[in-house]
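Observations on the model geometry
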Amino acid sequence: VFPGVRQAQWLTKTKLVEGLPPAVQGIMDNPALGLQELEERAKHAVSHARLWDTAEVAPRREQYCPVLFENLIHICRLMSGKYPALNKRMLARNCRIAATWERESILLQVRGLSGILMNSMAPIPPVASKEEILATKEHVLETFYPIAPTIDLQEVNVYKELNDTGQCFRDGYPYSHPHTLFFLESANVRTDRFRPEQLRAKMLMFAFGNALAKAKALHGNDPKVLEQPVVVQSIGTDGQLFQFMVFQLNTTDLVSNDGIKNLVWIDSDQNLYERAQCVPEVKKRVVTKPAGISGFQPDTFKKFLALYLHGTV
């Protein structure tokens, strides 16, 4: 089977851009925000999750991955004193999503639990300009001939074409815009976790699904190029390695390969730290590797924080 993201691009009619969009990069690079002041807290958060929050010699991934996520979200929330609009957010867990669309002559549906979803009162503004959106007309989507791009998808009988944002967005719910999806690949056994490439494909499909369901709720089911694109972000991690994604739904006209495409920016395989040594390594009564966190990467933390702040700052 060909790699997951390439397949997800075809299924969602999406052009890939490597790295984070300028709007997010600008938040990271803005010294006035004081993101570097939170670096020590982030290091402390890693140490807490990996070294201290357990009675075991070495905590299991299924324990430290969610703890690390909660710690990082807590640090992000500290910015709400400076930016009160950040209080207009809500984390929803076990949110179900269903989105249906037609691609060429194939009816497709993404449905299921879409990780932890952060909702906001206001949508994230478009990250690509109208000129960049128009330029996607020239982009040629990769085909997989003679392999069908749906080769490994599960076939089911669809009795109802659902486009449902789940319990998270009932009428009158104030936090009505999907902001960021978080996927925690916290299974302790490696074979039970998604590989990074599979995780990125899952992140893209669910960001697309949430954006499509929201667009149809706002603008109806008729396929069209959106006057106001829908932006949904996604962050995936196994508790050490992070994947960052910003998806922009430009069109719900997905049947043909022609015309405007959707856009996704992906920053792949970013380590938050290199190693967590839970107990010191001793050889011949000499400590060769002290206990602690080594190789902390502040830029990875800043990317997490910048995506959280995006749309508010």
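Going by the structure above, here's the rest.
A brief structural summary. (Residues numbered from 1 in each chain as written. Predicted model: local features only at pLDDT ≥ 70, side-chain atom pairs only at ≥ 80, totals over all residues. Heavy atoms only, no water.)

Considerations on the overall build of the protein
Helix and strand counts for the protein come out as seven helices and 13 strands. Counting contacts in the protein only where the partners sit at least 6 residues apart, residues at least 24 apart contribute 75% of the total. (Helix = DSSP H or I, 4+ residues; strand = E, 2+ residues; numbered from the N terminus. Contact = heavy atoms within 4.5 Å.)

Here we look at the packing of aromatic side chains
Where two aromatic rings form a pair, the distance of their centres and the angle of their planes describe that pair. The tally for this structure, following the rule as stated, stands at eight aromatic pairs. Seen in terms of ring centroids, Y173 and Y175 are 5.7 Å apart; in terms of plane orientation they differ by 65°. Their pairing is edge-to-face. Overall, the relative accessible area of 25% leaves Y173 in the partly exposed class. Of the residues examined, Y175 reaches a relative accessible area of 16% and is grouped as buried. (Phe/Tyr/Trp six-rings, centres within 6.5 Å; stacked < 30°, edge-to-face > 60°. Buried < 20%, exposed > 50% of the residue type's maximum accessible area, 1.4 Å probe, protein only.)

Section: the pairing of strand 4 (residues 106-113)
Bridging between strand 3 (residues 96-103) and strand 4 involves eight bridges; their strand directions are antiparallel. When the bridges of strand 4 are listed, T100 appears paired with Q109. Linking strand 3 back to strand 4 in an antiparallel pair, the connection comprises two residues, with E104 at a positive phi of about 55°. (Pairing = 2+ DSSP bridges.)

Focus: the sheet that holds strand 9 (residues 262-271)
If you walk across this open sheet you meet the seven strands as 1-9-8-7-6-5-2, and the pairing is mixed. Only two strands of the sheet have a single partner each, and these edge strands are strand 1 (14-18) and strand 2 (89-92). When the angles between neighbouring strand axes are averaged without regard to direction, this sheet yields 20°. In the sheet, strand 1 pairs with strand 9 via five bridges, with the strands oriented parallel. Residue V17 lies in a different strand from strand 9, and its bridge partner there is W265. Where helix 4 (residues 61-77) meets the sheet, it contacts strand 2, strand 5 (116-120), strand 6 (177-184), strand 7 (225-237) and strand 8 (241-251), and its direction lies at approximately 145° from that of strand 6. Each of strand 2, strand 5, strand 6, strand 7, strand 8 and strand 9 is contacted by helix 7 (residues 298-309), which is oriented at about 30° to strand 8, the strand it contacts most. (Axes fitted to C-alpha atoms, helices over the stretch in contact; angles between N-to-C directions.)

Remarks on unusual backbone geometry
Of note, E104 is a non-glycine position whose phi angle comes to about 55°, a positive value. In this fold, E104 is placed in the loop between strand 3 and strand 4. Among the residues examined, E104 registers a relative accessible area of 38% and is labelled partly exposed. With a phi angle near 55°, K284 is a residue other than glycine that sits in the positive phi range. Structurally, the position occupied by K284 is in the loop between strand 11 (281-283) and strand 12 (286-289). K284 sits in the exposed class, given a relative accessible area of 82%.

Overview of helix 3 (residues 39-52)
The end-to-end C-alpha distance of helix 3, which contains 14 residues, comes to 18 Å, matching closely the 20 Å that a straight helix rising 1.5 Å per residue would cover. Within helix 3, the full set of buried residues consists of E39, A42, A45, V46, S47, A49 and R50. (Expected span 1.5 Å × (residues − 1).)

Overview of the nonpolar core
F182, L272, F301 and F304 are the most contacted members of the largest nonpolar core, which has 49 residues in total. For F182, the residues in contact, after removing those within four places along its chain, are F69, I73, L91, G115, I116, M118, I235 and F304. In terms of nonpolar packing, the next biggest core, distinct from the first, is built from 35 residues, I97, V110, F183 and A215 among them. (Core = buried A, V, L, I, M, F, W, Y, C linked by side-chain atoms within 4.5 Å.)

Here's the deal with the packing of helix 1 (residues 4-12) against helix 6 (residues 196-219)
Relative orientation of the contacting elements helix 1 and helix 6 amounts to 15°, with a least axis distance of 8 Å. Here helix 1 is positioned roughly parallel relative to helix 6, judged by the angle of their axes. Considering only the axes of helix 1 and helix 6, their crossing is right-handed. Packed against helix 1, whose contacting residues are G4, V5, R6, A8, Q9, L11 and T12, the element helix 6 presents E197, R200, A201, L204, M205 and F208 at the interface. (Parallel < 35°, antiparallel > 145°, perpendicular 65-115°, else oblique. Left-handed = near helix turned anticlockwise from the far one by under 90°.)

Quick look at the environment of Q109
Mapped onto the elements, Q109 comes out in strand 4. Distance in space between the C-alpha atoms of Q109 and M205 is 9.9 Å, their sequence separation being 96 residues. Here the side chain of Q109 touches R111 through a polar contact of 3.1 Å, side chain to side chain. (Polar contact = N/O pair within 3.5 Å; in protein donor to acceptor, adjacent residues only side chain to side chain.)

Purely geometric stuff here, so don't read any function into it on its own.
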